[in-house]
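Remarks on the overall topology
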Amino acid sequence: MASHIVGYPRMGPKRELKFALESFWDGKSTAEDLQKVSADIRSGIWKQMSEAGTKYIPSNTFAHYDQVLDTTAMLGAVPPRYGYTSGEIGLDVYFSMARGNASVPAMEMTKWFDTNYHYIVPELGPDVKFSYASHKAVNEYKEAKALGVDTVPVLVGPVSYLLLSKAAKGVEKSFDLLSLLPKILPVYKEVITELKAAGATWIQLDEPVLVMDLEGHKLQAFTGAYAELESTLSGLNVLVETYFADIPAEAYKTLTSLKGVTAFGFDLVRGTKTLDLVKAGFPEGKCLFAGVVDGRNIWANDFAASLSTLEALEGVVGKDKLVVSTSCSLLHTAVDLVNETKLDDEIKSWLAFAAQKIVEVNALAKALAGQKDEALFSANSAALASRRSSPRVTNEGVQKAAAALKGSDHRRATNVSARLDAQQKKLNLPILPTTTIGSFPQTVELRRVRREYKAKKVSEEDYVKAMKEEIKKVVDLQEELDIDVLVHGEPERNDMVEYFGEQLSGFAFTANGWVQSYGSRCVKPPVIYGDVSRPKAMTVFWSAMAQSMTSRPMKGMLTGPVTILNWSFVRNDQPRHETCYQIALAIKDEVEDLEKGGINVIQIDEAALREGLPLRKSEHAFYLDWAVHSFRITNCGVQDTTQIHTHMCYSHFNDIIHSIIDMDADVITIENSRSDEKLLSVFREGVKYGAGIGPGVYDIHSPRIPSSEEIADRVNKMLAVLEQNILWVNPDCGLKTRKYTEVKPALKNMVDAAKLIRSQLASAK
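As a starting point, this report considers the structure included with it. (Residues numbered from 1 in each chain as written. Predicted model: local features only at pLDDT ≥ 70, side-chain atom pairs only at ≥ 80, totals over all residues. Heavy atoms only, no water.)

With that out of the way, let us pick up the sheet that holds strand 11 (residues 322-326). Judged by pairing direction, the sheet is parallel, and its 7 strands sit side by side in the order 1-5-7-8-9-10-11 without closing on themselves. Each having just a single partner strand, strand 1 (57-59) and strand 11 make up the two edges of the open sheet. Put simply, the sheet's adjacent strands are angled 30 degrees from each other on average, direction ignored. Relative to strand 11, strand 10 (residues 287-293) is paired through 5 bridges, and the arrangement is parallel. Bridge pairing in strand 11 places alanine 290 opposite valine 324. Along the sheet, helix 5 (residues 136-146) makes contact with strand 1 and strand 5 (151-156), crossing strand 5 at roughly 165 degrees. (Pairing = 2+ DSSP bridges. Helix = DSSP H or I, 4+ residues; strand = E, 2+ residues; numbered from the N terminus. Axes fitted to C-alpha atoms, helices over the stretch in contact; angles between N-to-C directions. Contact = heavy atoms within 4.5 Å.)

Below you can see the structure in the form of structure tokens.
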């Protein structure tokens with residue numbers, strides 16, 4: 001009986017790592033304190049897997065920030081601005097790369113494939129000096145061994161590492177990252193040699209880029225790299241793990257003929273087509289790690305279905321060559337259902353978090369070995385049956401309304417330039433209008449009031465009074481800073497998705513269902529288990545209150561349907577786009593109620609539109625079509641004078657710019673400052689864009705305060721490619737996670753920069 005887990009969440013069951021990191025960053029605790037919390041989390045995970053009977057237990061999937069950054073440290077590939085020269089990389093250099101420091105900015109962060117996790121992008125070029133500079137993989141293997149657990153050390157594979165990197169500033173964009181393989185493989189060899197010496201018998205190399213559309217020369221790089229590693233790998237069992245999609249036939253051929261590799265891991269949840277490739281031919285004598293337990297969702301596994309898949313595979317690869325595994329690392333799911341005291345039993349019976357998935361993997365492995373736990377299997381089928389027939393899941397009215405959408409394109413009545421003219425007459429904004437993205441800092445006091453109101457320790461009246469005071473403070477601050485389009489600061493909101501989900505039907509919420517997004521930042525995705533509808537208005541009360549405090553335009557603030565979908569754990573019993581259309585209809589009701597309530601500017605955030613993009617190009621058009629359509633449904637009914645904004649963050653937009661234009665928003669604000677003007681290159685290449693646009697002028701994910709000169713310089717760069725009458729000036733994301741001591745000077749500098757350039761433009765006229 002053989003079972004395997006690809007990787008495991010690092011934050012701890014109650015976010016212990018988050019709190020330890022933040023305490024360390026704030027100077028309230030020592031590196032030793034942080035290392036102790038980390039070691040406790042790791043030993044807890046290893047013990048849990050070991051007690052469940054897991055045969056192949058991963059090590060080195062823990063990280064203080066990110067596994068790709070760990071690899072960068074292992075390879076000594078520290079960008080020169082961090083002043084690293086040689087020796088073992090310590091936490092100071094590591095966290096400077098991740099978060100920036102007082103004098104230099106952080107490295108870029110981007111989506112890990114199509115998940116909501118972010119990795120730190122390596123910055124490489126022909127002059128990088130690679131050296132074995134972090135012994136973390138070996139240290140963690142030894143740490144587990146000392147606890148009596150023999151683990152499988154996990155490394156990000158060399159080819160995926162390079163293909164997930166970018167050319168550093170000053171390096172030709174056309175630089176071939178794969179040309180660095182001969183330079184990084186010697187370091188991989190040192191690491192592998194040391195792991196062997198420490199007693200490792202298995203090693204896992206994650207090569208997820210194999211599921212992407214790769215050109216022939218990239219596939220050849222795999223063949224070459226593994227041939228080069230073959231002699232170092234000999235004497236070890238080597239698993240090459242892939243995940244997040246099915247593997248293309250060419251890549252399957254390349255992968256299964258790699259030298260020195262013993263086993264291949266596949267995601268059979270999102271990669272059902274891979275089954276056909278395996279059935280058509282699997283290399284003799286090799287092992288198959290079958291990812292049948294979903295690492296990216298929270299639904300209980302369908303044991304009967306998984307078992308029949310596994311039995312079919314057993315017929316192909318042989319009984320002793322099949323290992324039951326997760327579809328990918330469990331990093332992307334919540335930690336442990338045991339900590340959910342508030343969820344009702346019915347919904348709870350439909351779910352499995354990471355800890356439960358370990359049990360599922362082992363139950364399937366036992367069943368395959370002829371030791372089926374009948375009680376567990378019958379409970380599983382009863383839970384699945386209850387979910388299928390539950391009246392909480394189906395709402396006829398919603399199903400009908402969503403079905404009726406099929407006939408229309410849902411576009412606004414007039415084109416964007418006519419709408420912008422009508423809006424300008426009403427709003428009367430200066431050129432280069434300033435605004436922020438929505439949230440203002442959430443103080444300890446504010447969070448306390450919200451928490452106490454939720455726990456019914458504070459009356460509704462006192463809660464509303466506290467929120468009103470906070471909104472007034474935020475409005476006054478923005479007026480004092482002379483910002484043009486205001487926001488209410490969202491003091492009443494915990495999270496941009498959860499806040500809406502709590503007011504929509506078809507959603508359930510966890511108490512501890514946290515998932516790492518980046519660094520110490522965790523999100524708690526809602527669970528969409530049934531048809532979605534909006535029982536009553538959700539934000540009108542707060543937005544109308546805020547508008548009554550000022551004569552300047554106040555933005556209504558909503559999260560768009562695609563983002564709500566992509567940032568939730570979505571039901572797996574109907575296509576994703578059907579769920580998305582249901583959410584779009586609920587948001588449409590809210591948009592129209594805000595307009596009736598006197599709100600003339602409404603922002604519908606689609607931060608996560610890009611991240612839902614399928615990994616394969618052949619599936620892009622269908623996704624973009626329904627995603628953009630869902631956005632248009634939300635605001636197709638408003639008047640020309642109502643200005644619809646949207647906001648997007650953290651991604652490469654260049655390939656989807658035409659879909660962004662097709663969303664037909666009046667103004668779009670885009671996270672730009674950490675992707676170093678990549679966005680602007682689209683417009684330089686002549687894409688015609690007639691709507692308002694606000695590429696972020698400073699990075700809110702860093703505590704650094706940019707000067708007004710620096711911001712003015714950014715705005716001037718934008719004016720080189722964008723018309724002055726459509727450009728907006730704004731930070732690149734919400735300010736919720738920052739402190740007021742950072743926000744006030746940064747926004748003041750932003751407004752000063754806008755005014756400076758306005759006067760320069762006026763005198764140039």
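Let's pick the thread back up.
Our next topic: the pairing of strand 20 (residues 667-670). What you see with strand 20 is no split at all: Val667 and Thr669 on one side and Ile668 and Ile670 on the other are buried throughout. Bridge count between strand 19 (residues 643-648) and strand 20: 4 bridges; the pairing is parallel. When the sheet's bridge partners are listed, threonine 646 is paired in strand 20 with isoleucine 668. Where strand 20 meets strand 21 (residues 692-695), 4 bridges bridge the pair, whose relative direction is parallel. Each bridged residue has a counterpart across the sheet, and for valine 667 the counterpart in strand 21 is glycine 692. (Buried < 20%, exposed > 50% of the residue type's maximum accessible area, 1.4 Å probe, protein only.)

Scanning the model with the defined rule gives 21 aromatic pairs in all. Taking the centre distance of 6.1 Å and the plane angle of 45 degrees together, the rings of tryptophan 25 and tyrosine 65 count as tilted. Taken together, the residues tryptophan 25 in helix 1 (residues 16-25) and tyrosine 65 in the loop between strand 1 and helix 3 (67-74) connect sequence positions 40 residues apart. For tyrosine 65, a relative accessible area of 5% translates into the label buried. Pairwise contacts between aromatic rings join Phe24, Trp25, Tyr65, Tyr94 and Phe95 into one cluster. Lying across the ring of tryptophan 514, arginine 15 places its NZ or CZ 3.6 Å from the centre. Directly above the aromatic system of phenylalanine 62 lies the positively charged group of arginine 42, at a separation of 4.8 Å from the ring centroid. (Phe/Tyr/Trp six-rings, centres within 6.5 Å; stacked < 30°, edge-to-face > 60°. Lys NZ or Arg CZ within 6 Å of the ring centre and 35° of its normal.)

For the rest of this paragraph, the subject is the nonpolar core. In this structure, Tyr161 and Phe266 are the most contacted members of the largest nonpolar core, which totals 135 residues. Discounting residues that sit within four places of it in the chain, tyrosine 161 has contacts with Val68, Thr71, Thr72, Leu75, Ala77, Pro122, Leu124, Val156, Ile184 and Tyr188. Ranked by size, the runner-up nonpolar core spans 106 residues in total, among them Leu432, Phe440, Phe507 and Met554. (Core = buried A, V, L, I, M, F, W, Y, C linked by side-chain atoms within 4.5 Å.)

In this section: empty space enclosed by the protein. Per the stated rule, a full pass over the model turns up 8 cavities of 30 Å³ or more. Taken as a whole, the largest cavity encloses approximately 630 Å³ of empty space. What lines the largest cavity is a set of 36 residues, and nearest its centre among them are Met496, Arg521, Trp567, Cys649 and Cys733. Elements that contribute at least two residues to the lining of the largest cavity include exactly strand 2 (109-111), strand 13 (515-518), strand 14 (521-523) and strand 16 (555-559). Per-element accounting of the lining of the largest cavity gives the leading share, 3 residues, to strand 16. Split by residue class, the lining of the largest cavity holds 16 nonpolar, 12 polar and 8 charged. In this model, the second largest cavity occupies a volume close to 280 Å³. Elements with a contribution of two residues or more to the lining of the second largest cavity: helix 3, helix 5 and strand 5. Top element by residues in the lining of the second largest cavity is helix 3. It accounts for 4 residues. Considered class by class, the residues forming the lining of the second largest cavity number 11 nonpolar, 8 polar and 4 charged. (1 Å grid on protein atoms, 1.4 Å probe; cavity = no way out; pocket = protein on both sides within 12 Å on 5 of 7 lines; lining within 4 Å. Points joined across faces, edges and corners; volume = space filled by probe spheres on them. Nonpolar A, V, L, I, M, F, W, Y, C, P; charged D, E, K, R; others polar.)

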